[in-house]
Structures are given as structure tokens and as C-alpha cells.
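Architecture and fold: a report
This is what each chain is made of:
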Amino acid sequence: MTPSRGTPAPTRTNLPMLLLLLSLSHPFATGFTPPPNIQGPAIPTALPSTSSFSASDLLYQDQQNALLRRALHEQTLLTSQTPTIPPLTSAKVKGVTTSGTGFASSSSSSPSKTKGKNSSASRLAASQARIVQKDGVIRIDSALSDGACEALRRYVLEQQRLAEEAVNEYLHEGKDVEGLCRIYYGVENRRVGRCDLQLSLLRGGFVRDWKDSSPTSPLSSVEDMEDFPLMDALVELLGEKGTLRHLYEQLVTPQGEFYELAAVITDPGSRRQTIHPDLPWKPIAPLYVIFVALQDVTVEMGPTCFLLGTHTEEVNELFNCGDVAQKDEVIKNANGRLSTLKRGDCVLFDARTLHCGNANESTETRALFNFSFRNPRVTGDLGYKGSMRPGYEKAMTLKDVHEALNAYEGGDGEPFARYGNDYLVV
């Protein structure tokens, strides 16, 4: 519930309810009519009785409850053939060896092994790309080191806390809370217990927002960070010896647009999603997305379930034909895989692939590092607004990111400063 001026600021536990009332829901997670007599856990039928909730708020809550019933029904369909959904396993690529934190992680690698179309890194990337094109998703183990995962997890959870403090301050000052939430959480900022936290590329992250734009704010007194865990992680993944750089070059070329940069954070008690693609189907894969586990992801933490091979035109036509029974058959017969991961493992997927996040039934927060690159062969509107801070949209390519990371490794403390502080709310 949005408090009135002068009331105490919302706490960590009720801020998601505030965000739930502020913006729009995911365009691919609406419009389902739940089948009758679906059994599942108790679902609240309405928000608490109060005059502060409008008819549209109540309608939104009804829609969310309908989506949860649909999600539980889909879970039943997926397990109708087998009681448990098997895990997504890492790809076995013949003829190419891998080690450490990826195919180009060894500091002793010679240039002949890490550069050129015939290098081991490029050959591995080509093989991995073929798996993505066939299955729509691939698991890559040890893409990010344990130390980088630990540091980045601490960082993104602290950034989440700072974002919530900023929202609280805007509430008390009567400023544009909805606009602020769109900067921090994007278009999907009404979900309870689940958020896409859009990250800043400047050292200190959200602290810089306040130091640069609101120097009199109490939040601007937060000390700057000496370390730079976000940049260190990006170097391991997309830098000169990055574990994912060659694969992305295979899939989108160096001209692929940097389309998303976020942390997907799922708190205990978050609900299961309905099965969906991230965007409308197109004949050429338009977007390739990464989830990197910043801690072990167990079954209880709600790992993403991917339906292998569902990125095709045939499956898209059946899934979106408007016939619920036909959609149910697609799900029932799908080859589902759970992305239970060890810390540092990742999944890369074609955004057309059907998938869903499961409910977090553990006592721990699940944090995934998330970014994506767009295929330059696909022009026009993708029908999907990625989780990227507004000032970074359409600003960078994979080549630009690579060059900035090289500059960082060469001693540049703010390699993305040329793209500015994208904090647009004043």
C-alpha cells in the first residue's frame, strides 16, 4: 500500500506490494484463462480491505491469482509424464577441451589458442552455438569464478537495498516514484518477491545516482566503493579471455546490441511463473540471454525450467493458437529441464524458447546475473523491452563492451563513463 505523506516509509517486506501498485505487468504473462478445478496452495482472493486500493488494483490482483492457478496447472502438465523434471546438464563438446572458468580462462594461454577462427576458443564457441540453435538453450559450467560470484552477489543485494531506500525517500518527498521504479526495476515492477534490478555501469552503482543528481540527499553520503565487482565479473565473462565472449560473437557478431543488464532477484515465497517466451516469435533468433548463478541454485530455490526445442515456428504456432487444450498438449509433451546450477554456472538461451521461473520455496534469496545481446540481423521492434537502464538503451554493442573492458584491465577505473550517468529522474 502506498503510504500518504508523513507516514513511515515502507520496509523491505512491504516495498514489493508498493511496486505491485505502480506500473504494468509483463505483456507475455497475461491473458490466460485458468482451467476449472485446478488444485494448488491457497491463493488470496483479494488485497486487504482498504480504501487505498482502487478497482484497477483489485483487478490486477485477480489477474495475478489467475496466473498462479494457470502456472500450477502447467506444473502438473510438465510432471504428467515423469514425477520430476530432470536437470539441464552441461553440453559435451567433442574434440575441444575446457578448463578453469571457461574455454579461455587460463592465464598461460598462448595467443594461438585464444585468437582466430581456428583457435580452441572459437571452435568451442561454434560447437556451443550449434547446440543453442538446436535446443534453444545451453548450460555452461564455471563461467564465472567463485570469488567473482560472491562479490557480485553481495554487490547486487546491496544495490537492491539502496534502490529501496531511494524509493522510500521519493515517497516522503512526493516525487515521481513510478518513474524511479522504472529506472531501477524496469517495466516489470509490480511483481511481489521477484524483481529485475537494472544495474548501473558506474563504480558504486546506485550511490553514484545520488552523488551526481541529489548531493543533498542522505543517500549521497554513502561511501564510494573501492572495488568494482560488476566490472570484474564482466571481464571474466566478456573480456579478452572471457568465457562467453567468443560464443556471443558467434551468435550476434561484435555488432550485437547490448540489450539487457540486470540482476534477477527472487525472494523466498515468490510465486511460480506461467510458461512463456520473452518475446514474439521471429524467423531469426533476435536475442540471446544469459543467467549466471551467483550462488548454488537448488530445486527449492525455484530454478528456471526450459522447454528444449520450443523456439521453432511450429511450436510457436501451436502454443499461441488460442486453443488452451492445444497449448496444454505442447506443455505436456515438452522436453523440460530444470536449470539447477552451481555457483558460477550459467545458461544461455534463445529468447524465443519457452521457459518459466519456479516458486522460491527455500529460505534463501536467489540472485542471477542477467544480460543479453541482440542479433543485428533482426531489425525493428522486438516486442520486448529488455531490463536495461534507460540511458544505456541502444548505446552499446558487444564490441563497445569488449573495448571498455579492455580499458578497465588497462587501468581505466571508469571504462563506461563515456556513456554517462543514466539516472534520468530528478
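Since this is a predicted model, take the numbers as computed values, not measurements.

1. What about the state of the cysteines?
Per the counting criterion, the structure on display carries 0 disulfides. The thiol of Cys 305 is not disulfide-bonded; the next cysteine sulfur, from Cys 356, is found 5.1 Å away. Classification of Cys 305 by relative accessible area gives buried; the value is 1%.

2. Some remarks on the pairing of strand S3 (residues 257-266)
The element S3 is largely enclosed, with a buried count of 10 among its 10 residues. As paired strands, strand S2 (residues 194-198) and S3 are joined by 5 bridges and run antiparallel to one another. Bridge pairing in S3 links Leu 197 to Ala 263.

3. Thoughts on the layout of surface pockets
The gaps of empty space that remain are located by a probe, the size of a water molecule, rolled over the atoms. Approximately 450 Å³ is the volume found for the second largest pocket. Lining the second largest pocket we find 21 residues, and of these Gln 75, Arg 272, Asn 358, Ala 359 and Glu 361 sit closest to its centre. It is helix H2 (residues 55-78) that contributes the most residues to the lining of the second largest pocket, 3 residues altogether. Residue composition of the lining of the second largest pocket, grouped by class: 10 nonpolar, 7 polar and 4 charged.

4. So, empty space enclosed by the protein
Counted under the stated rule, the structure contains 3 cavities of 30 Å³ or more. Each pocket or cavity is described by its volume, and for the second largest cavity that value is around 60 Å³. Looking at the lining of the second largest cavity residue by residue, the class counts come to 3 nonpolar, 4 polar and 3 charged.

5. A few points about the sheet that holds strand S4 (residues 287-293)
One open sheet holds the 6 strands; their spatial order is S1-S7-S4-S9-S3-S2, and the pairing between them is antiparallel. Edge positions in the sheet fall to strand S1 (137-140) and S2, since each of these pairs with one other strand and no more. Shown here is a sheet whose adjacent strand axes are inclined to one another by a mean of 20°, direction ignored.

6. As for the confidence of the model for the chain
Per-residue confidence for the chain gives a mean pLDDT of 82, with 76% of residues at or over 70. Within the model, the stretch residues 16-51 combines pLDDT values under 50 with 88 contacts to residues more than four positions away or in other chains.

7. A short note on the pairing of strand S9 (residues 366-374)
Among the 9 residues in S9, 9 count as buried, and that is most of the element. Along S9, one buried face is formed by Arg 366, Leu 368, Asn 370, Ser 372 and Arg 374 and the opposite face, lined by Ala 367, Phe 369, Phe 371 and Phe 373, is buried too. Bridging between S3 and S9 involves 9 bridges; their strand directions are antiparallel. Within S9, the position partnered with Ala 262 by the bridge is Asn 370.

8. Concerning the packing of helix H5 (residues 146-173) against helix H8 (residues 229-238)
Running from amino to carboxyl end, H5 crosses H8 at an angle of 140°, the nearest separation of the two axes being 9 Å. Compared by their axis directions, H5 and H8 come out oblique. Where H5 crosses over H8, the handedness of that crossing is left-handed. When H5 is examined against H8, the residues Ala 148, Ala 151, Leu 152 and Tyr 155 are found in contact with a partner set consisting of Pro 229, Leu 230, Ala 233 and Glu 236. Residue composition of the contact of H5 with H8, grouped by class: 7 nonpolar, no polar and 1 charged.

About the criteria used
- Residues numbered from 1 in each chain as written.
- Predicted model: local features only at pLDDT ≥ 70, side-chain atom pairs only at ≥ 80, totals over all residues.
- Heavy atoms only, no water.
- Disulfide = S-S within 2.5 Å.
- Buried < 20%, exposed > 50% of the residue type's maximum accessible area, 1.4 Å probe, protein only.
- Helix = DSSP H or I, 4+ residues; strand = E, 2+ residues; numbered from the N terminus.
- Pairing = 2+ DSSP bridges.
- 1 Å grid on protein atoms, 1.4 Å probe; cavity = no way out; pocket = protein on both sides within 12 Å on 5 of 7 lines; lining within 4 Å.
- Points joined across faces, edges and corners; volume = space filled by probe spheres on them.
- Nonpolar A, V, L, I, M, F, W, Y, C, P; charged D, E, K, R; others polar.
- Axes fitted to C-alpha atoms, helices over the stretch in contact; angles between N-to-C directions.
- pLDDT = per-residue confidence, 0-100.
- Contact = heavy atoms within 4.5 Å.
- Parallel < 35°, antiparallel > 145°, perpendicular 65-115°, else oblique.
- Left-handed = near helix turned anticlockwise from the far one by under 90°.

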